[in-house]
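Secondary and tertiary structure notes
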Amino acid sequence: MHMYNKSFTKTKIATSLSLILGATTLPAIAAEDVSKQAIVNADVETIQVTGLRSSIKESTRLKRDATGVVDAISAEDIGKFPDTNLAESLQRITGVSIDRSNGEGSRVTVRGFGPQYNMVTLNGRQMASTSLPDGGGASDNRAYDFQNLASDAVQSVEVYKTSNAAVASGGIGATININTSKPLDNPGFIASVAGAVLMDTSVRGGVADYSDKVTPEFSGLLSWTDEEEMFGASLTASTSKRDSSSTSAEVAQWRNTPWDGTVAGEVPSGSGTPLQITNEPGMGEAHALPSDLAYRLWDRQRERTNAQLTLQYRPIESVTATFDYTYSKLEQEQQGTELSIWMDTYKSDITFTEGLNPSPLYYAEDRREQAPRDIAVKQKYRNSLTEDKSIGLNLEWQVNDDLSFALDYNDSSSESSPTSSYGNDVTVGLGSNVLAGQGATYGASGIPEIHVDFDDCDSRIGLNCNNVFDESDVGTSIYQKAHAYNTNDITQIRIDGTWEFEDGRIDFGVESREMDNHSVQSSTNQSMGDWGVNNPGEIPAGMIEAIDFNDALNDYKTAGWTQGFRGDTIALADWAATVYDLDLGRDTSVGTDRRIQEDVTAAYVKASYSDYIADMPYNVAVGLRYEDTKSTSTANIASPTAVVWKSNDDFEINQGAAVDADFYSTSNSYSHFLPNIDFDINIIESVKARASFSQTIARPTYGQLSNATSITGGPSSPSVLNATPGSANTGNPSLVPLESTNFDISMEWYFDDTSYVSAGYFRKDVDKFVGNGPIDQPYYGLTDPSGGPRAEQAVADLAAAGITLNATTLFSQMAANQLGEALYANGHTDLDYESLVDVIGNSDDPEMNFLSQSPVNNKSAVIDGLELAVQHFFGDSGFGVQANYTLVNGDIEFDLASTEEQFALLGLSDTANLVLLYEMDDLSARIAYNWRDEFLNNAAIYENEPEFTEAYSQIDFSIGYQVTEKLSMSFAGINITGEDPRKHGRTANQLTSAEEWDARYELSARYTF
């Protein structure tokens, strides 16, 4: 950034400047209706300044003079935003916290309301947004991902924490408006080019490494107006590449049940030493056992291209026409390797934690007389391409000194699709039957350790018995593929007007907005060597190489088992297709095909007035917005045809063909009156008090509005063994928006032109939160192959033979009966039966129940908090400090003692920022500390089990130097201490996810012509 002060230049613009970089940590309040969409052709003379301290001085003035609660950040100079990632700038604002993806800011939470409850607009227009979820599935989130948009063309970002009648509804937490630069606001000729090199220290060398540690970024800006400032044109473009790596540990499920003195699947009587339990839970006490433990290694590549063209024409002083086209493309690839164990049977030794919600500190399974089972060494490939396009036209007409109008039209679209014909999520299942025993140790920090009792000598498996985990031990299992496609189209037109009179003004307008979101998804499993890994040693030499996951771990190094294999997923898929006749293309059996359409008609009026009370100047603004919404939810549902029992605990759902799909459609409508009142008064010259009241709404996610019921899985084990039911997803097209009544009060003391202290209190009373109504019932006539007369006969046959009943022996007996032979006859083993037989539900079997959670508007909650901020520059020393702290509370918390389905507020956490600044002559520096406390991010990650994101802090810095008047250079570091995120279940011991992140550094140069 420029570190020297330019001369002041007065410009005539239609909107006040937003707060400058130095104020990003403060609860700043921009000038009333700072968005250009809210102030149409306001004839305001403002001072355009550059340089850190002068910018902070101007932003402080704007904060002091504003009406309403609007925080903002802005570019120090055209084309020069303080951060390359908008979310990472926004996190410095009081009350704003971010979600990070791969260590980079992606989505924004405001005052405890997550990304789906915040509206993001571009130049006052709603932005179309799409995504493809990792792991497959259909996108259902309205949240905007800030990774899609580079900051080069961004002039300012405004955060409307309270409602403004002139601003589109949809954000209970906030409406976030991104403003781009306009040529007529920056008259003359301006051109600059910038280049940067990014070094991501997470990138590792080693086997099959796909990433580069150092990657380039380029950007350019060209802005021109003629001498008469009649014509203007600007073009910004940027391209960047980031490669990164990470290693993580994950547990998919913590299965919580009341303690009855036994453990499902424990070592059976007569099989040697029985299950050993330490710190046994009390009778009836809820305890949790893990389903699995996986280590995952990822290499990621991201390429982002952004461009914006803006054309302006002002034939006369009172008329301005603006055309803009905005384009962004985000292309991502991920290559992954997994090492995992799935908890099975013969649980032999468990040491439980003490206190509430006991779970294993140590967990062991010993297969004893059973043949060794498989350890998974899967290879994964993910990819996506997201393209956003927006065309806008704006006409402004200053009729006379008192009256003005503006017409604004926008057509934006977003599309996310796979970049590969193989799909957006591909897994080539590999494994090896070398587990004579397995288990893990767990702790309240770090990652669990995998324990393996290695055996490659069992004659039933037929490995080479060299006591080494090598390529000849590895074979294929299941090929999994997912194809997803998501589009979003928004057409918006609005007319705004402003009538100014002595001591006040009236703003008014109408708006029409049409939205269409379409999501299609399919996923299938295809057998290679099947679940039993039946063909060890089949993979051609050189296609996989041995790796040690500890080589990719720094903070989370483990003493447990870390040996795995890595190969190229697509190369393995191509090889497997020739051997097993796999279909690698898109499956015609569509699991999800849903469309959500919304038509919104709105009108608003807002009156603003200024006067005095006992010589104390005050401002008041009263607004009312009316919105009428009509929505339609449609779905093409291809009914599933059968439940297939593949092996002990593995069930699949055969999806029906798309040509047999049925069409469903449901319409809904609702309307809202949304008032807002903003008031501020100068008690004394340096002290200002503010108060605001407003009502806001936020619409449900697309998935919650779905008109389809999709079956997502079978039971966790055979039904005759009292398993939980299968799982399903179902929506509710009749949902209505959440409704929030908001109150804000604050006090601000300005004791210097760049120094102040502020404190604010906010409260949000929210009705119609979406809760879940559990539904346990059959769907589509699917029958249960593990719960009918065939299963009951197999149970009786095992009892008669004196064979222990568990999921593995039950399936083998079912398979033997289906083949018409005695159990384990003809040399058949458990693995053979899994390979030879699929047990499919038939008409003699009972209907299978599936547990779904149907969304309903049945919850209310209160959220309140405090926002505290201080800013001060120490004389002429060049040093300054900014600090803020946000406290957020909710009246509904997750009850850790309850295993029932719960509604709880997500994302509520305290946050803090501390920024130390220095600017003197041509040198500037900033070091920033950001902290977010632990919060609940999912109330039902598995059945009724929660997931908490642990407290996280990060330190970033930047140093800038103005080499010449035209050339500047900067160096920045992000997460310089390499902090790592971690998530857990009911206790810190119940890890759900932990990932290693590392620092990244950027060296950049910018030349202005």
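Every value quoted in this text rests on a predicted model; they were computed, and no experiment measured them.

With that out of the way, let us pick up the overall build of the protein chain. Across its full length, the protein chain carries six helices and 50 strands. Relative to the compact-globule value of 30 Å for 1009 residues, the protein chain shows a C-alpha radius of gyration of 31 Å, a close match. Summarising its shape, the C-alpha atoms of the protein chain cover approximately 95 × 55 × 55 Å along the three principal directions. Each of the 1009 residues in the protein chain was classed as buried or not, and the buried ones make up 60%. Within the protein chain, contacts between residues at least 6 apart in sequence are counted, and of these 76% link residues at least 24 apart. Counting 67 positive and 145 negative side-chain charges, the protein chain places the averaged centre of each group 6 Å from the other.

Our focus in this paragraph is the nonpolar core. Core analysis: the biggest nonpolar cluster contains 58 residues, and Ile375, Leu430, Phe469, Val474 and Tyr479 have the highest contact counts within it. Discounting chain neighbours no more than four positions away, the residues touching isoleucine 375 are Leu339, Ser340, Ile341, Leu430, Gly431, Ser432, Val434, Leu435, Val452, Phe469 and Trp561.

Moving on: the pattern of salt bridges. As a working rule, side chains carrying opposite charge can pair if their charged atoms are close by. Evaluation of the coordinates by the stated rule reveals 43 salt bridges. Between arginine 595 and aspartate 516 there is a salt bridge; the shortest N-O distance is 3.0 Å. Highlighted residues: arginine 595 in strand β29 (residues 592-613) and aspartate 516 in strand β26 (residues 504-527), separated in sequence by 79 residues. Given the relative accessible area of 29%, arginine 595 is considered partly exposed. Salt bridges sharing partners connect three or more residues here, namely Glu250, Arg296, Glu338, Lys378 and Lys380.

Moving on, we come to the state of the cysteines. Evaluated as defined, the whole model comprises one disulfide. Across a sulfur-sulfur distance of 1.9 Å, cysteine 457 and cysteine 465 are joined as a disulfide pair. Judged by the torsion about the S-S bond (90 degrees), the cysteine 457/cysteine 465 disulfide is right-handed.

Turning our eyes to something else, we now look at the side chain of glutamine 882. Within the secondary structure, glutamine 882 is located in strand β41 (residues 879-890). Polar side-chain contacts of glutamine 882 include one of 3.4 Å to the side chain of glutamine 871.

Here we come to the environment of asparagine 306. Position of asparagine 306 among the secondary structure elements: in strand β16 (residues 292-316). The spatial distance from the C-alpha of asparagine 306 to the C-alpha of lysine 764 is 37 Å, given a sequence separation of 458 residues. Excluding residues within four positions of it along the chain, asparagine 306 makes contact with Asn148, Leu149, Ala150, Thr236, Ala237, Ser238, Tyr327, Ser328 and Lys329. Within the local environment of asparagine 306, its side chain forms a polar contact with the backbone oxygen of asparagine 148, the two atoms lying 3.4 Å apart.

With that settled, the discussion passes to the sheet that holds strand β7 (residues 125-126). One open sheet holds the five strands; their spatial order is β3-β8-β9-β6-β7, and the pairing between them is mixed. The outermost strands of the open sheet, each flanked by one partner alone, are β3 (70-74) and β7. Summarising the sheet, strand β6 (residues 118-122) and β7 pair through two bridges and their orientation is antiparallel. Each residue of the ladder has a partner; that of threonine 121, found in β7, is glutamine 126.

Turning to unusual backbone geometry, a few remarks are in order. The phi angle at arginine 111 is positive, at roughly 55 degrees, despite the residue not being glycine. Considering the arrangement of structural elements, one finds arginine 111 in the loop between β5 (104-110) and β6. Relative accessible area serves as the criterion here: at 3%, arginine 111 is assigned to the buried category. Even without a glycine there, the phi angle at glutamate 229 is positive, about 55 degrees. Checked against the element boundaries, glutamate 229 lands in the loop between β11 (214-225) and β12 (231-250).

Across its 13 residues, helix α4 (residues 789-801) extends 18 Å between first and last C-alpha, which sits within 8% of the 18 Å expected from 1.5 Å per residue. Looking at α4, one finds that the buried residues are Ala791, Ala794 and Leu798. Buried residues of α4, viewed axially, fall in a sector of 55 degrees; they line one side. Those residues of α4 that are exposed and angled more than 90 degrees off the buried face are Glu792, Ala799 and Ala800. Where α4 is buried, its residues meet α5 (807-819). Looking one or two residues beyond α4, the residue adopting positive phi is glycine 802, at roughly 70 degrees.

Taking strand neighbours across the sheet as the criterion, the three strands line up as β32-β31-β39 in an open arrangement whose pairing is antiparallel. Strands with a single pairing partner mark the edges of an open sheet, and in this sheet they are β32 (650-654) and β39 (839-840). Sheet topology note: the strand β31 (residues 642-647)/β39 ladder contains two bridges and is antiparallel. By the bridge assignment for β39, tryptophan 645 is matched with valine 839. Packing against the sheet, α5 makes contact with β31 and β39, and its axis sits at approximately 110 degrees to β31.

What follows covers the confidence of the model for the protein chain. Mean pLDDT over the protein chain: 87, with 93% of residues reaching 70 or higher. Confidence scores differ between elements of the protein chain, with strand β1 (residues 9-13) showing the lowest mean pLDDT of 31 and strand β48 (residues 982-984) the highest of 97. Contacts of residues 1-49 to residues separated by more than four positions or lying in other chains number 197 contacts, the stretch itself having pLDDT below 50.

On to the environment of glutamate 369. Note that glutamate 369 resides in the loop between β19 (360-366) and β20 (373-376). Judged by its relative accessible area of 43%, glutamate 369 falls in the partly exposed class. C-alpha of glutamate 369 to C-alpha of asparagine 938: the two residues are 569 residues apart in sequence and 40 Å apart in space. When residues no more than four places from it in sequence are discounted, the contact partners of glutamate 369 are Ser271, Tyr346 and Arg460.

Conventions we followed
Residues numbered from 1 in each chain as written. Predicted model: local features only at pLDDT ≥ 70, side-chain atom pairs only at ≥ 80, totals over all residues. Heavy atoms only, no water. Helix = DSSP H or I, 4+ residues; strand = E, 2+ residues; numbered from the N terminus. Rg over C-alpha atoms; globule rule 2.2 N^0.38 Å. Buried < 20%, exposed > 50% of the residue type's maximum accessible area, 1.4 Å probe, protein only. Contact = heavy atoms within 4.5 Å. Lys, Arg positive; Asp, Glu negative; His and termini not counted. Charge placed at Lys NZ, Arg CZ, Asp CG, Glu CD. Core = buried A, V, L, I, M, F, W, Y, C linked by side-chain atoms within 4.5 Å. Salt bridge = Lys/Arg side-chain N within 4 Å of Asp/Glu carboxyl O. Disulfide = S-S within 2.5 Å. Polar contact = N/O pair within 3.5 Å; in protein donor to acceptor, adjacent residues only side chain to side chain. Pairing = 2+ DSSP bridges. Expected span 1.5 Å × (residues − 1). Arc of directions from axis to C-beta. Axes fitted to C-alpha atoms, helices over the stretch in contact; angles between N-to-C directions. pLDDT = per-residue confidence, 0-100.

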